[in-house]
Amino acid sequence: MSDPSDDRGPRRGNSLDSNQIVALIVAEIRETVPELSGQPIARADSLADLGVDSIERSEIILAVMEQLGLKIPLVELHGPRNIGELADLLHAKSAA
């Protein structure tokens, strides 16, 4: 029972660039942490500096990975220091 108007977001076949992935991450941050909805969020911002806790970080990353059609262990995503680096890493993983 698939609804053709149901847009679940981009999948692995639709390769997004790093800036588009940043936009996905920012949208998920605003969805997961509503108190950040009015605050500007940039590539250079870290989730920790924005006040996002570890559970919220996991929820955000899992939601973005789902939108990208990625299934990778979260432990592989612990290196990035900011949103831009996370987007770059997710972009690299989705292109692989």
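Right, let's walk through the structure included here. (Residues numbered from 1 in each chain as written. Predicted model: local features only at pLDDT ≥ 70, side-chain atom pairs only at ≥ 80, totals over all residues. Heavy atoms only, no water.)

### Some remarks on the pattern of salt bridges
Okay, step 1: Enumeration over the complete set of coordinates arrives at 3 salt bridges.
Okay, step 2: Residue Lys-93 pairs with Glu-76 through a salt bridge whose shortest N-O separation is 2.8 Å. Taken together, the residues span a long stretch of sequence, with Lys-93 in helix α3 (residues 83–95) and Glu-76 in the loop between α2 (54–68) and α3 at a distance of 17 residues.
Okay, step 3: By relative accessible area, Lys-93 is classed as partly exposed at 27%. (Salt bridge = Lys/Arg side-chain N within 4 Å of Asp/Glu carboxyl O. Helix = DSSP H or I, 4+ residues; strand = E, 2+ residues; numbered from the N terminus. Buried < 20%, exposed > 50% of the residue type's maximum accessible area, 1.4 Å probe, protein only.)

### Description of the layout of surface pockets
Okay, step 1: A volume near 300 Å³ is recorded for the largest pocket.
Okay, step 2: Residue lining of the largest pocket: 15 residues in total, with Leu-47, Arg-57, Ile-61, Leu-77 and His-78 positioned closest to the centre.
Okay, step 3: Where the lining of the largest pocket is concerned, the elements lending two or more residues are α2 and α3.
Okay, step 4: Sorting elements by how many residues they give to the lining of the largest pocket places α2 first, with 4 residues.
Okay, step 5: Residue composition of the lining of the largest pocket, by class: 8 nonpolar, 5 polar and 2 charged. (1 Å grid on protein atoms, 1.4 Å probe; cavity = no way out; pocket = protein on both sides within 12 Å on 5 of 7 lines; lining within 4 Å. Points joined across faces, edges and corners; volume = space filled by probe spheres on them. Nonpolar A, V, L, I, M, F, W, Y, C, P; charged D, E, K, R; others polar.)

### Comments concerning the environment of Leu-50
Okay, step 1: Within the fold, Leu-50 resides in the loop between α1 (18–32) and α2.
Okay, step 2: Residues Leu-50 and Gln-39 lie 11 residues apart in sequence; the distance between their C-alpha atoms is 9.4 Å.
Okay, step 3: Apart from the residues lying within four places of it in its own chain, the contact partners of Leu-50 are Ile-29, Leu-36, Gln-39, Ile-41, Asp-45 and Ile-83. (Contact = heavy atoms within 4.5 Å.)

### Remarks on the packing of α1 against α2
Okay, step 1: Packing of α1 against α2 brings their axes to within 9 Å, and their N-to-C directions diverge by 135 degrees. Here α2 runs oblique to α1, going by the angle between their axes. Our pair here, α1 against α2, has a crossing hand that is right-handed. The segment α1 lies against α2, with Ile-21, Leu-24, Ile-25, Glu-28, Ile-29 and Thr-32 engaging Glu-56, Glu-59, Ile-60, Ala-63, Val-64, Gln-67 and Leu-68. (Axes fitted to C-alpha atoms, helices over the stretch in contact; angles between N-to-C directions. Parallel < 35°, antiparallel > 145°, perpendicular 65-115°, else oblique. Left-handed = near helix turned anticlockwise from the far one by under 90°.)

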